[in-house]
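# Analysis of the macromolecular model
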Amino acid sequence: RSANSLSEARKVRHSRPGKGQAVRCRPLSALQQNVSAAAAAAPAMEASTVDYKHSLLASREDYDKMYKRSIEDPAAFWGDIAKGYHWEQQWEDDHHTHNFDVTAGRISTEFFKGGTTNIAYNCLDRHVKEGRGDVDCLLWEANDPGTERRMTYSEVLAEVCRLANWLKAQGIKKGDAVAIYMPMLCELPISMLACARIGAIHSVIFAGFSPESIAARILDCKAKVVLAASAVKRGKKAIDLKSMVDKAVGFASRDGFEVEKCLVCHNTSAGGGKEATPMKDGRDVWWDAEIPSHSSECAVEWMHSEDPLFLLYTSGSTGKPKGVLHSTGGYMVMAGTTSRYVFDLQPGDVYWCTADCGWITGHTYLTYGPMLCGATNVVFEGTPTYPTPARSWQVVDKFKVKQYYTAPTLIRSLLSSGNDHVKAHDRSSLKILGTVGEPINPEAWKWYSEVVGDGRCPIVDTWWQTETGAHMITPLPGVFPAKPGSATLPFFGVAPSMVNEHGKAIEGPGEGYLCIKQAWPSTIRTIYGDHDRYETTYFAGFKGLYFSGDGCRRDEDGYYWITGRVDDVINVSGHRIGTAEVESALTLHPKCTEAAVVGYEHPIKGQGIYAYVSLIEGEELEDALKKELTLTVRSNIGAFAAPDILHWAPGLPKTRSGKIMRRVLRKIASKEESQLGDTSTLADPGVVNQLLSNRP
Ligand code: WT7
């Protein structure tokens, strides 16, 4: 598909989301049932200030002034900021428009209309031209300690150009989609940048997704070229990635779509020679055989600000994963600006984001944002607890990492390993510590601050989403006090609105659904190929507002406390998993007739996956069947979506109209059966006792 067909997709006759299609979310009273520890401990928590001097903002007043202008005059505010980037063609004065109201026409967002730029140019060429070509761009650390690779900005630029030329030689042009299935090698951000350089839309698929999931993503965007790697080692385990791609390409072919070329990067750190990787003649080629012969110079494709940059699939409460589409100019400016302000990132700063480029965090805060700032990025192939929990701090000391950005799940897991592995390392290079992906409990927050940060590093708890593209509610280090467990205040240009179930804004302290009132530069532009679904998912629930799917509280200081998802999305170790997807995977097993999946509180992962399964007559949930069901989910979605607990449900609690009462299932999963609430509307109240009597 080309960029043209995207605009065609947008032109499709516009159907208004009808009644009953409105957003599905838990009622507010139920919010409380899902509150994380962070929110439960909320407003009484003391504010904490550490001595940190932000390089751009001297005080809270500076923030307030800038924030006010960013909301009142976003076009002028972002226009001034955008001047710090290279634009081939200047945007128009009146460059920003948006409509978030489904009753007022098509939902749309535009920033820097009329302008042309290229994000890869701004990430690489700009620094080289300004004399920073010899600054390290990527510091790669292999899974096994002892192997590393350094690439300067000039070197990365040259490799990006070679790959871009190869892509062009395959016939890839502006608007074509390219799929990327790679572990954390330098070649992963390089692949993304090469696509961006020539205006191809990249679709990175986390190298943990199963062949079925890869195939679905390839098919959705018709990616003719796949950039892949042979294998990866994660911890002790070597994983063959190329065979996953082969299967996926086979599935796509079964559905009538042929992948034409697959470029394979031989990952020597995973062990094994090239002979271990079967290659299909004519289709599969090796990176090291192809790329070096291409020129290290490649002209930039100047992109209109609203041209698509990338697609990234994410789970929603219903149906198949959605292809979230981000466009060029606004995404670039917001990725760079949040990186600059939130991490106080400056050229040459050694920065480490532990996220994988397969998720949005790796897009915005590993590839694009830090490179827009000219920072030095650590790219880590392995798992931060291998071979020991001290690995993170060894890497921090080795590269003298200044900003470190990770997820609460890792913090909790490191906390559970005690303090010695931390204290044995120097860590004096650390200046700012970040967290993202799920609510962080105050205990983990304090450990992060006091033990990892020795009480001298500000913590930035950044709330945002795949759809928002960049930080939305986040502390600014040293600018205002933080509170353990609170994402604090909105970033520039972000106008949160906390509403009740009728969409009425709640002023002052309280609790409600977290919405955003006006467009920010990196607003999701559409769901690829399905603008109607985009409007229904995000804008039909509350008139004139973008609905995040999260609940929140706001305290008397105006600080936000994210309480977690209020829809049927579970957040496992900071990864979003749609309950509907896991359910449909489970029912693919011939012995499973029905499944209902809910989240439950998990001490390390934040939430775990709890699956109730109904089986065909005569079957019981024995260990062998549990294994098979788990395998079905692993092979259909990926290992990270495998249920933690399987609970045999001869019957599921349903209303008389056949709707599963998830509230009841959530209570049973979290062992709170004393608070089941009203079950009188159940078609068969007896199923509750049945479920309680056969707890796994
Ligand atoms: C969901 C988005 C955005 C990067 C990684 C996840 C949850 C994200 C926080 C935070 C509390 C958070 C929300 C959100 N979330 N950051 N700092 N505090 N919750 O991206 O996969 O799109 O998931 O992650 O529930 O809706 P994602």
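Model, not experiment: these values are computed from the prediction.

Conventions and cut-offs
Residues numbered from 1 in each chain as written. Predicted model: local features only at pLDDT ≥ 70, side-chain atom pairs only at ≥ 80, totals over all residues. Heavy atoms only, no water. Helix = DSSP H or I, 4+ residues; strand = E, 2+ residues; numbered from the N terminus. Rg over C-alpha atoms; globule rule 2.2 N^0.38 Å. Contact = heavy atoms within 4.5 Å. Areas by Shrake-Rupley, 256 points an atom, 1.4 Å probe, with all protein chains shown as cover. Lys, Arg positive; Asp, Glu negative; His and termini not counted. Charge placed at Lys NZ, Arg CZ, Asp CG, Glu CD. Polar contact = N/O pair within 3.5 Å; in protein donor to acceptor, adjacent residues only side chain to side chain. Buried < 20%, exposed > 50% of the residue type's maximum accessible area, 1.4 Å probe, protein only. Pairing = 2+ DSSP bridges. Axes fitted to C-alpha atoms, helices over the stretch in contact; angles between N-to-C directions. UniProt positions renumbered as here; feature names shortened; annotations may be inferred. Salt bridge = Lys/Arg side-chain N within 4 Å of Asp/Glu carboxyl O.

### Observations concerning the overall build of the protein chain
Broken down by element type, the protein chain carries 22 helices and 30 strands. Computed over the C-alpha atoms, the radius of gyration of the protein chain is 24 Å, within 12% of the 26 Å expected from 2.2 N^0.38 for a compact globule of 696 residues. Oriented by its inertia axes, the alpha-carbon framework of the protein chain measures out at about 70 × 65 × 60 Å. In the protein chain, once contacts between residues fewer than 6 apart in sequence are set aside, the share between residues at least 24 apart is 73%. When the accessible surface of the protein chain is totalled, it reaches about 25,000 Å², and 50% of it is carbon and sulfur. Looking at charge distribution, the protein chain has the averaged site of its 77 positive side-chain charges lying 2 Å from that of its 82 negative ones.

### Some thoughts on the side chain of Arg412
Note on placement: Arg412 falls in helix α15 (residues 408-415). Polar contacts involving the side chain of Arg412 include one to the main-chain carbonyl oxygen of Ile604, which spans 2.8 Å. For Arg412, the contacting residues outside a window of four places in its chain are Glu438, Pro439, Asn441, Ala444, Pro603, Ile604, Lys605 and Gly606.

### Some words on helix α5 (residues 74-82)
Burial analysis of α5 places seven of its nine residues in the buried class, the great majority of the element. Pro74, Ala75, Phe77, Trp78, Gly79, Ile81 and Ala82 are the residues of α5 that are buried. In the core, the buried residues of α5 are packed alongside α4 (60-72) and α12 (328-342).

### Considering the sheet that holds strand β7 (residues 201-204)
Across the sheet, which stays open at both edges, the eight strands sit in the order β12-β11-β8-β6-β7-β14-β15-β23 with mixed pairing between neighbours. Each edge of the open sheet carries a strand with a single partner, namely β12 (284-286) and β23 (526-527). Here strand β11 (residues 261-265) runs beside β12; their pairing, made up of three bridges, is parallel. Pairing of Cys262 across the sheet is with Asp284, part of β12. Seen against the sheet, α12 touches β14 (308-314) and β15 (322-327) and runs at an angle of roughly 80° to β15.

### With respect to the UniProt feature "domain: Acetyl-coenzyme A synthetase N-terminal" (unreviewed entry) in the protein chain
Following the UniProt record, one finds the feature "domain: Acetyl-coenzyme A synthetase N-terminal" (unreviewed entry) at residues 63-123. The straight-line gap between the two end C-alpha atoms of residues 63-123 is 26 Å; of that span, 39% is helix and 13% is strand.

### What to know about the sheet that holds strand β5 (residues 148-152)
Pairing within the open sheet is mixed, and its seven strands lie in the order β5-β4-β17-β16-β18-β19-β20. If you trace the sheet from one side to the other, it starts and ends with β5 and β20 (459-462), each paired once. Pairwise comparison of adjacent strand axes, ignoring direction, gives a mean angle of 20° for this sheet. The sheet contact formed by strand β4 (residues 136-141) and β5 spans five bridges and is antiparallel. When the bridges of β5 are listed, Leu139 appears paired with Arg150. Set on the sheet, helix α14 (residues 391-399) makes contact with β4, β5, β16 (350-353), β17 (376-380) and β18 (403-406); between it and β4 the angle comes to about 145°.

### Comments concerning the UniProt feature "domain: AMP-dependent synthetase/ligase" (unreviewed entry) in the protein chain
UniProt records the feature "domain: AMP-dependent synthetase/ligase" (unreviewed entry) at residues 134-519, using the numbering of this structure. Counting secondary structure, residues 134-519 comes out at 30% helix and 23% strand; the distance between its end C-alpha atoms is 38 Å.

### Examining the environment of Val451
Here Val451 lies in helix α17 (residues 442-452). Along the primary structure Val451 and Asp420 are separated by 31 residues, whereas in three dimensions their C-alpha atoms are 9.9 Å apart. Not counting the four nearest positions on each side in its chain, Val451 is found in contact with Asn419, Val422, Lys423, Arg427 and Lys446.

### Considering helix α21 (residues 662-669)
With seven of its eight residues buried, α21 lies for the most part within the structure. Every buried residue of α21 is listed here: Arg662, Val664, Leu665, Arg666, Lys667, Ile668 and Ala669. Looking at the buried positions of α21, the neighbouring elements they touch are α19 (579-586), β28 (592-602), β29 (606-615), β30 (645-648) and α22 (686-693). Within two residues after α21, Lys671 carries a phi angle of roughly 55°, on the positive side.

### Quick look at the pattern of salt bridges
In the structure shown here, the tally under the stated rule is 41 salt bridges. Here Arg149 and Glu187 are joined by a salt bridge, their closest N and O atoms 3.1 Å apart. Of this pair, Arg149 sits in strand β5 while Glu187 sits in helix α8 (residues 187-198), placing them 38 residues apart in sequence. For Glu187, a relative accessible area of 10% corresponds to the buried category. Where Glu159 meets Arg162, a salt bridge forms, and the shortest distance between an N and an O atom there is 3.5 Å. Of the two residues, Glu159 and Arg162 are both situated in helix α7 (residues 153-169); the distance of three residues between them amounts to about one turn of the helix. A relative accessible area of 22% means that Arg162 is categorised as partly exposed. Overlapping salt bridges bring together Asp136, Glu141, Glu148, Arg150, Arg391 and Lys398 as one network.

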